[in-house]
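Here is what each chain is made of, one letter per residue.
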Amino acid sequence: MGHFIFNDTHDTLRAEIRRYVERELAPHANEWEEAEYFPDSVFWEMGRLGYLGLRYPEEYGGSGLDYYSAIVLAEEMTRAQSGGVGMAVAVHAEMATPPILKFGTEEQKRRYLVPAVKGKKIAALAITEPGAGSDVSGIRTRAVQDGGDWVINGSKIYITNGVRADFYLVVTRTGDDQWGGLTLFLVEKETPGFTVGRKLKKVGMHASDTAELFFENVRVPDANRVGDVGQGFYNIMWELQGERLIGAATAVAGAERALEMAMKYAGEREAFGRPIGRFQVIRHKLAQMATEIEAARALVYTCAWRWQNGEYPVKEISMAKLFASEMACRVADEALQIHGGAGYMLEYPVQRVWRDSRLLRIGAGTDEIMREVIAKQMGF
Ligand SMILES: Cc1cc2nc3c(=O)[nH]c(=O)nc-3n(C[C@H](O)[C@H](O)[C@H](O)COP(=O)(O)OP(=O)(O)OC[C@H]3O[C@@H](n4cnc5c(N)ncnc54)[C@H](O)[C@@H]3O)c2cc1C
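Cut-offs used in this document
- Residues numbered from 1 in each chain as written.
- Predicted model: local features only at pLDDT ≥ 70, side-chain atom pairs only at ≥ 80, totals over all residues.
- Heavy atoms only, no water.
- Near = heavy atom within 4 Å.
- Polar contact = N/O pair within 3.5 Å; in protein donor to acceptor, adjacent residues only side chain to side chain.
- Areas by Shrake-Rupley, 256 points an atom, 1.4 Å probe, with all protein chains shown as cover.
- Helix = DSSP H or I, 4+ residues; strand = E, 2+ residues; numbered from the N terminus.
- Nonpolar A, V, L, I, M, F, W, Y, C, P; charged D, E, K, R; others polar.
- Domains from an automatic or database assignment.
- Core = buried A, V, L, I, M, F, W, Y, C linked by side-chain atoms within 4.5 Å.
- Buried < 20%, exposed > 50% of the residue type's maximum accessible area, 1.4 Å probe, protein only.
- Contact = heavy atoms within 4.5 Å.
- Buried area = accessible area lost by both parts, 1.4 Å probe.
- Salt bridge = Lys/Arg side-chain N within 4 Å of Asp/Glu carboxyl O.
- Axes fitted to C-alpha atoms, helices over the stretch in contact; angles between N-to-C directions.
- Parallel < 35°, antiparallel > 145°, perpendicular 65-115°, else oblique.
- Left-handed = near helix turned anticlockwise from the far one by under 90°.
- Patch = residues over 30% accessible without salt bridge, like charges linked within 9 Å, V, L, I, M, F, W, Y side chains within 5 Å.
- Pairing = 2+ DSSP bridges.
- Arc of directions from axis to C-beta.
- 1 Å grid on protein atoms, 1.4 Å probe; cavity = no way out; pocket = protein on both sides within 12 Å on 5 of 7 lines; lining within 4 Å.
- Points joined across faces, edges and corners; volume = space filled by probe spheres on them.

A. View of the site of the ligand. In the vicinity of the ligand lie 16 residues, with Thr128, Ser134, Thr160, Thr366 and Glu368 positioned nearest. Thr160 places a side-chain nitrogen or oxygen 2.8 Å from a nitrogen atom of the ligand. Within the side chain of Glu368, a nitrogen or oxygen atom sits 2.7 Å from an oxygen atom of the ligand. In isolation the ligand offers 980 Å² of accessible surface; the protein chains occlude 63% of this area. Elements with a contribution of two residues or more to the shell around the ligand: β1 (123-126), β3 (149-160) and α12 (367-377). Residue classes in the shell around the ligand are distributed as nine nonpolar, five polar and two charged. Both domain 2 (123-230) and domain 3 (234-377) contribute no fewer than three residues apiece to the shell around the ligand.

What follows is the structure, encoded as structure tokens:
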């Protein structure tokens, strides 16, 4: 990649991951998209190779690398040719498990984080509910203390890895205070009263499993509470910054894949006696796409550098998530357009990037919410 945030360790890691993804994942992309699932063994193997714990401390089975290693993984996963596979891995390694490391007890780290890093247990993050998505303070799934336990009732929706997960990090309401009344719990799949509902049909990200979850008097011990009572909102907002930055990195790399497809097609397809890439209109489209990708990448890498150096740049991370997601959708749309009718055919992979990219503007905070966060940070 040649960018200054990466050193030789990152370059070696990138080459290794790329080899794995191109050999072991990409050849199965069509089959997994068709099946709307991919085997859990992908997690087992990625755990064995150390890819699920790149930036986790060695004492918890991780590789002890820096934040940039997570960016490398997110970027290379776009070569799997199935956004759903990359998303499932990102949710496991970069969304559901970081709060356990940051806010969890030693026992929780041993019981959940270590097997997750090894790929032996799969994790999901359950925030969204039928009545509360953008507005996390509207969460109604309630946890009520009963002796040394908590009893959870409610439901969640659109949960990635929802079907396959072994455990779920769940945001619940434990008090009436709008922001200060939320608390996080770890819930194991086998817990009585917990059920996985429908596996939901989606526009894209087909290989990932997205589910409804139901909690009916689900009893968990206080030992499964992650962080302090009432700190759930603030802890999940911390988590969302990391999630948004990884999402932004994925958007940039996904756009790059779309550009590669468009360039290849523009060089091969002939119309009016010449390759279409020789028409100035098409060449300028490609130039514009490449320029937008570089601009988004610069924003993402700057945020990654600031995060790695101990800053918490909420405004700029929100900008990176917003700009990269909208850019990825524009680039994927232009890439499809350059393919003409072929772009609309399922046998050409560009349509999958186009469909998968659309989620970027919704998941982990919509475009509208990113603009709200940015405006608030600007004092408006
Ligand atoms: C494929 C997929 C996977 C997902 N995976 C997960 C997961 O693993 N875990 C999880 O917890 N969630 C997950 N989600 C849920 C996702 O995070 C939410 O869908 C998203 O946050 C938006 O919430 P919502 O769908 O309730 O939309 P709503 O909040 O109802 O928003 C509807 C519209 O109103 C707009 N809007 C809302 N509030 C405002 C405002 N204040 N100002 C301006 N506009 C506003 C929104 O931007 C949007 O355009 C997933 C979603 C999808 C589609």
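Alright, that's what it looks like, and here's the rest.
B. Focus on the nonpolar core. Membership of the largest hydrophobic core comes to 95 residues, with the highest contact counts inside it found for Leu25 and Met46. It is helix α8 (residues 232-268) that provides the largest number of residues to this core, a total of 15 residues. Look past the residues within four positions of Leu25 in its chain and what remains in contact with it is Tyr20, Trp32, Val42, Met77, Ala80 and Val85.

C. The arrangement of the domain arrangement of the protein chain in detail. Along its sequence, the protein chain is carved into domain 1 (8-117), domain 2 (123-230) and domain 3 (234-377). Using only C-alpha atoms to locate each centre, domain 1 and domain 3 end up separated by 21 Å. Summing both sides of the interface, domain 1 and domain 3 together bury roughly 2100 Å²; the carbon and sulfur share of this comes to 63%. Remark: the boundary between domain 1 and domain 3 carries seven residue pairs in polar contact (both at pLDDT 80 or more).

D. Structural detail: the pattern of salt bridges. Using the criterion set out here, one finds 30 salt bridges in the structure. Here Glu188 makes a salt bridge to Arg111, at a shortest N to O gap of 2.8 Å. You can see Glu188 sitting in strand β5 (residues 182-188) and its partner Arg111 sitting in helix α7 (residues 106-117), a full 77 residues away along the chain. For Arg297, the salt bridge identified is with Glu256, shortest N-O distance 3.1 Å. Residue Arg297 is located in helix α9 (residues 280-308), and its partner Glu256 is located in helix α8; the two are separated by 41 residues in the primary sequence. The same class applies to Arg297 as to Glu256, namely buried.

E. Structural context of the packing of α8 against helix α10 (residues 314-338). Interhelical geometry of α8 versus α10 gives an angle of 20° and a closest axis separation of 8 Å. As summarised for this structure, α8 and α10 are arranged roughly parallel, according to the angle between their axes. When you trace α8 past α10, the crossing you get is left-handed. When α8 is examined against α10, the residues Gln241, Arg244, Leu245, Ala248, Ala251, Val252, Ala255, Ala258, Ala262, Tyr265 and Ala266 are found in contact with a partner set consisting of Val314, Ile317, Ala320, Lys321, Ala324, Ser325, Met327, Ala328, Val331, Ala332, Ala335 and Ile338.

F. Region of interest: the side chain of Glu33. By the secondary structure assignment, Glu33 is in helix α2 (residues 29-35). At a separation of 2.8 Å, a polar atom in the side chain of Glu33 contacts the side chain of Ser82. In contact with Glu33, other than residues within four places in its own chain, are Ser82, Gly84, Met205, His206, Ala207 and Arg352.

G. Inspection of the side chain of Asn161 at higher detail. Tracing the sequence through the fold places Asn161 in the loop between β3 and β4 (167-173). On the basis of relative accessibility, which here comes to 0%, the residue Asn161 falls in the buried class. The residues contacting Asn161, other than those within four sequence positions of it, are Phe43, Ala88, Val91, His92, Ile122, Ala123, Ala124, Tyr168 and Asp209.

H. Structural detail: the environment of Thr210. Along the chain, the position of Thr210 falls in strand β7 (residues 210-221). Residue class for Thr210 comes out buried when judged on its relative accessible area of 6%. Separated by 71 residues in sequence, Thr210 and Ile139 have C-alpha atoms that sit 19 Å apart. Each residue touching Thr210, except ones within four places of it in the same chain, is listed here: Tyr158, Ile159, Arg198, Lys199, Leu200 and Lys202.

I. A nonpolar patch on the surface, seen in detail. Together, Tyr344, Met345 and Tyr348 make up a nonpolar patch on the protein surface, roughly 340 Å² of accessible area in all. Structurally, the position occupied by Tyr344 is in the loop between α10 and α11 (350-357).

J. Seen up close, the pairing of β7. Note that β3 and β7 share nine bridges and pair antiparallel. Its bridge partner being in β7, Ile159 is matched across the sheet by Ala211.

K. Highlighting helix α3 (residues 41-48). Those residues of α3 not exposed but buried are Val42, Phe43, Met46 and Gly47. Along the axis of α3, the buried positions cluster into a sector of 130°, meaning they face one direction only. Across α3 from its buried face, at more than 90 degrees, point the exposed residues Trp44 and Arg48. Gly50, located one to two residues past α3, shows a positive phi value of around 90°.

L. Seen up close, the layout of surface pockets. In this structure, the second largest pocket spans a volume of roughly 280 Å³. As for the second largest pocket, its lining consists of 14 residues, and the residues nearest its centre are Asn30, Glu33, Leu346, Gln351 and Arg352. Counting residues per element, the ones that place at least two in the lining of the second largest pocket are α2 and α11. Per-element tally for the lining of the second largest pocket: the top contributor is α2, with four residues. Counted by class, the lining of the second largest pocket contains five nonpolar, four polar and five charged residues. Per-domain counts for the lining of the second largest pocket show at least three residues from each of domain 1 (8-117) and domain 3 (234-377).

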